[in-house]
Structures are given as structure tokens and as C-alpha cells.
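# Inside the fold
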Amino acid sequence: MDLKPKNAPILSDPSSPLNKSRLGMNSSMLPCSQSGAPFSSSILTAPRKKPGKLDDVRSNGWLDAMQSSSPPRKKIVKDFGVEVASDDSDIVYNSWMLKYPSALNSFDHIINRGKDKKIVIFLDYDGTLSPIVDDPDRAFMSDDMHSAVKGVAEYFPTAIISGRSRDKVYDLVGLAELYYAGSHGMDIMFPVQDTSCVHQKSYIRSTDKQGKEVNLFQPAREFIPMIDEVFKTLVEVTNDIKGAKVENHKFCTSVHYRNVDEKNWLTVAQCVHDVLKDYPRLRLTHGRKYNVLNNPPQVLEVRPVIDWDKGRAVEFLLETLGLSNSDDVLPIYIGDDRTDEDAFKVLREGNRGYGILVSSAPKESKAFLSLRDTTEVSEFLKSLVKWKEQVDKTQ
Ligand SMILES: O=P(O)(O)OC[C@H]1O[C@H](O[C@H]2O[C@H](CO)[C@@H](O)[C@H](O)[C@H]2O)[C@H](O)[C@@H](O)[C@@H]1O
């Protein structure tokens, strides 16, 4: 596996004058007001440029993407290739499930395939373990989900792979026995003793919150100063837009617009667009596209241009934990997000295990199976535990 970030920027010493100037305040650090007009800020020292034309954002399709990621509630279901009134959504959902059968209904099939193999569980966080809520800081798991995840981790190697920072997702989950990969897999932590010798040279030795020795794998490490700078700029330029929220995930950053009035979405897009113009080594991805019937979350994600995603993180963890032999191992990945599609793709293309999409609305996916919501996720995890307990008892 090529672990070197492709097109990585040269930012080895952020304190060097060269990098200081690269990282220094730049023309994009213009705050955007809700009318789209810049306003002054005393900490800005560099000359400011006028904001880019709103047409830039329109012609780039950004606004379209933001709108398509947030279609009005109870209107139409488009993603399945048909347009129907939401009253008919059950019929559409049920026919969609012919293509993506329920993982609960397929449970016997799954365990039949898994009975002679080592099952490995990969879980996304937001929308999979915790329901989507307006405030990202209040996306908690239910007690029921907490015990389901704890239970599953007792029997199967279990990893959380989230777009959030690793520390944040660890704080939300609070289970030391899991593996954690934050920032869409760009920040992976695993205990030293679990580590096979593959990729050994690329690890960084560290300690976890309990003081235990761990290895870290961070393929986008050199982007930390750049992300930090972009995060600060984005906070500044969106400061005046009511409802906008920027999160720093260390190796990537998110701009939330779910609480922004729709008439100001263009301003959000313009702000992010203007900032990113100065960072060719960063790219923008849109968060969830679907879930048209249940008030979708809305987020823009800024991340390094490197060949690394949740799919690569799954491959990495399987290899590192010595679980990459597809004849002996059955990986199960549960996620709800566009970014989880990279992991579904890896499993599908490698003909390994099951990708399970969490969605209460039809959408195209590389997953094989589906679960409707976090309640069904918890039910599925508990069924795995129950099955494993029975297997162990009879042995
Ligand atoms: O990979 P994930 O664990 O699914 O993380 C992806 C993003 O999740 C969070 O945002 C989403 O959930 C929030 C809480 O429910 C919601 O308010 C927001 O609208 C959703 O987009 C997180 O805040 C993002 O930073 C992650 O990138």
C-alpha cells in the first residue's frame, strides 16, 4: 500500500519564514456578512481583496450541490431515479429494499457466512450511532446504543471511523476497548500490542487518555498547520452568518449550514469558496446528500487532497491488525454518509463482507444491505452479540 500522501504540500516546518508566509494571513481571510459584503476586522493585516463573484459559486455548481443535499421536506424522492409524492414513500422505500435488503432480515444469511470467520465491525458515528441533531456538540449516543457498542466490542474487533476529530469521537463514545479513526480515517489510533509489522515505519508512538502506549497513523500530518489556519479563517469569515458553525477536526474542517437560513446558503458557499481559492491542496466535499424525507443535515467538508478516505482506513486497519485475509475475516461496515461510500466500495470491490447503509430514504449506494435508523443499528449489534454468546456456549 502506498502510504505517502499524493500531492502533499511541503509544510515540514511551519515556523520557517517560508512557511509562515505560506501560512500567513492571506487575501481569503475576509469575513462575509450575511449580505455577502466584507467587513473590517482589527486582526487582519494583509490587504483584502473583494469577495469573489457569487456567480463563481453558482457556475461551480456549489449552490446546486448544497440545495440538492437539502431538498425540502416532504416533497419528492429523487435519488432513486423516480419522482413521487412523499405519501408514497413507503412503497418506494420497500421497493428500494429489494436492492438493499434489511440487515436485520438478512441476519441468518450474515451469520451463516460469518460462522467460521472472524467478524470485524466498523462503525461510522453521526447518523449511525447517534441520531442527527441540530447541534453537533449534542450528538450523543443513547444508553441503549452505548451498551450495544460495548457488547459488540467484547466479542469482535470494533472500530469507529468518523469524520470528526478522533478525540471528539472518543469523548462521545467513551469506550477504551475500541479502535478509533478520526478525520475520515486520517487519524488512526491502535494499541501497540495489536500492531503487526506492516507499515510499522509510518507509525507515531503516543499514549491514549488512560496513559496506555498506542500507535498513531496520520497520513495527512503535514496538513495540520494548514487546516488550523483555514479553520480560523473560516470561523472569521462566517462569523456574521447566523447559524453557521465551523468545526476543527485537526486534519479536516467542517462548515455547517443546517441552521443557516436558506437564503444565506449562497453566502456560506461564497465564503468557503473564496477561502479555498488560496489553498489548491485542500478540497471541498459535501456532507450527506440524501435523507430527503427527514430533514437532512447540511455540511461542507474541507480536507487535504490526499489519496486517503474511510475505505483506505478500513484496508489499513484490517492489514495492521493482521485481519486482511479475506477467507478468514468477515468485515461489516455500518454507515449513513457519503463518506462511508468509500468504505462500502472497498468491501464490495474486494468481495469482502458487508457494507450496511443506514438510511430511512432510498438512495443509491455501494452498500449491500440497509438499516433504517440508529434504533435498527443497535438492534443489529445486539443480535450479533446474542448470536455470538450462543455460539460460545455451545462450543
Ligand atoms: O463520519 P461521521 O461520524 O458521520 O461524521 C460526519 C459529520 O458528522 C457531524 O455532522 C453531522 O452530524 C451533526 C450532529 O448530528 C449534525 O448537526 C450535522 O448537520 C451533520 O452533518 C459532524 O459535526 C461533522 O463535523 C462531521 O463531518
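Computed from a predicted model, the values in this text were never measured in an experiment.

## What to know about the packing of helix 5 (residues 107-114) against helix 12 (residues 374-394)
One way to put it is that helix 5 packs onto helix 12 with a least axis distance of 12 Å and a crossing angle of 45°. Here helix 5 lies oblique to helix 12, going by the angle between them. Here helix 5 runs over helix 12; the crossing is right-handed. Residues Phe-107, Ile-110, Ile-111 and Gly-114 of helix 5 form the contact with helix 12, whose participating residues are Phe-380, Ser-383, Leu-384 and Trp-387. Grouping the amino acids of the contact of helix 5 with helix 12 by side-chain chemistry returns six nonpolar, two polar and no charged.

## Looking at the packing of aromatic side chains
Applying the stated criterion across every chain yields a total of 14 aromatic pairs. With a centroid separation of 5.1 Å and an interplanar angle of 40°, the aromatic rings of Tyr-93 and Trp-96 are classed as tilted. Here Tyr-93 and its partner Trp-96 are both found in helix 4 (residues 89-99), three residues apart, which amounts to about one turn of the helix. Taking the centre distance of 6.2 Å and the plane angle of 70° together, the rings of Trp-308 and Phe-316 count as edge-to-face. Across the pair, exposure class does not vary: Trp-308 and Phe-316 are buried alike. Through a chain of ring-to-ring contacts, the aromatic side chains of Phe-190, Tyr-203, Phe-217, Trp-308 and Phe-316 assemble into a single cluster. One cation-aromatic arrangement involves Arg-113 over Tyr-354; the distance from NZ or CZ to the ring centre is 4.9 Å.

## Describing the packing of helix 10 (residues 310-320) against helix 11 (residues 341-349)
Between two packed helices, both the angle of their axes relative to each other and the distance between the axes serve to describe the pair. Two numbers describe how helix 10 lies on helix 11: the axes approach to 6 Å, and their chain directions differ by 50°. By the angle between their axes, helix 10 is oblique relative to helix 11. Across from Lys-310, Gly-311, Val-314 and Glu-315 in helix 10, the residues of helix 11 making contact are Asp-342, Ala-343, Val-346 and Leu-347. Considering only residue class, the contact of helix 10 with helix 11 consists of four nonpolar, one polar and three charged.

## Considerations on the side chain of Lys-310
Structurally, the position occupied by Lys-310 is in helix 10. For Lys-310, the side chain forms a polar contact with the main-chain oxygen of Ile-161, separated by 3.4 Å. The residues touching Lys-310, leaving out its near neighbours within four places in the chain, are Asp-124, Ile-161, Ser-162, Gly-163, His-184, Tyr-333, Thr-339, Asp-340, Asp-342 and Ala-343.

## Regarding the sheet that holds strand 11 (residues 329-335)
What the nine strands build is an open sheet, ordered 5-6-4-3-2-1-11-12-13; its pairing is mixed. Single-partner strands in this sheet number two, and they are strand 5 (204-207) and strand 13 (369-371). Each neighbouring strand pair of the sheet contributes to a mean axis angle of 25°, computed without reference to strand direction. Looking at chain direction, strand 5 and strand 6 (residues 213-217) are connected through four bridges and run antiparallel. Considered in strand 6, the bridge of Ile-204 is made with Leu-216. In the packing of helix 5 onto the sheet, the strands contacted are strand 1 (118-123), strand 11, strand 12 (354-358) and strand 13, and the crossing angle to strand 11 comes to about 145°.

## Remarks on the confidence of the model for the chain
For the chain, per-residue confidence averages 81 on the pLDDT scale, and 73% of positions sit at 70 or higher. With pLDDT under 50 throughout, residues 1-30 is counted as low confidence; its partners more than four residues away or in other chains account for 79 contacts. Low pLDDT (under 50) marks residues 70-84, which in the prediction has 39 contacts with non-local residues, meaning those over four places away or in another chain. Reported confidences for the modelled complex are a pTM of 0.81 and an ipTM of 0.99.

## Some points on the sheet that holds strand 7 (residues 245-248)
As summarised here, the arrangement of the four strands in space is 7-8-10-9, forming an open sheet in which the pairing is antiparallel. Each edge of the open sheet is held by one strand with a lone partner, namely strand 7 and strand 9 (282-286). Between one strand and the next, the sheet's axes are offset by a mean angle of 20°, whatever the strand orientation. In this structure, strand 9 lies alongside strand 10 (residues 299-304), joined through five bridges in antiparallel fashion. Looking at the pairing, Arg-283 lines up with Arg-303 of strand 10.

Rules behind the numbers
Residues numbered from 1 in each chain as written. Predicted model: local features only at pLDDT ≥ 70, side-chain atom pairs only at ≥ 80, totals over all residues. Heavy atoms only, no water. Axes fitted to C-alpha atoms, helices over the stretch in contact; angles between N-to-C directions. Helix = DSSP H or I, 4+ residues; strand = E, 2+ residues; numbered from the N terminus. Parallel < 35°, antiparallel > 145°, perpendicular 65-115°, else oblique. Left-handed = near helix turned anticlockwise from the far one by under 90°. Contact = heavy atoms within 4.5 Å. Nonpolar A, V, L, I, M, F, W, Y, C, P; charged D, E, K, R; others polar. Phe/Tyr/Trp six-rings, centres within 6.5 Å; stacked < 30°, edge-to-face > 60°. Buried < 20%, exposed > 50% of the residue type's maximum accessible area, 1.4 Å probe, protein only. Lys NZ or Arg CZ within 6 Å of the ring centre and 35° of its normal. Polar contact = N/O pair within 3.5 Å; in protein donor to acceptor, adjacent residues only side chain to side chain. Pairing = 2+ DSSP bridges. pLDDT = per-residue confidence, 0-100.

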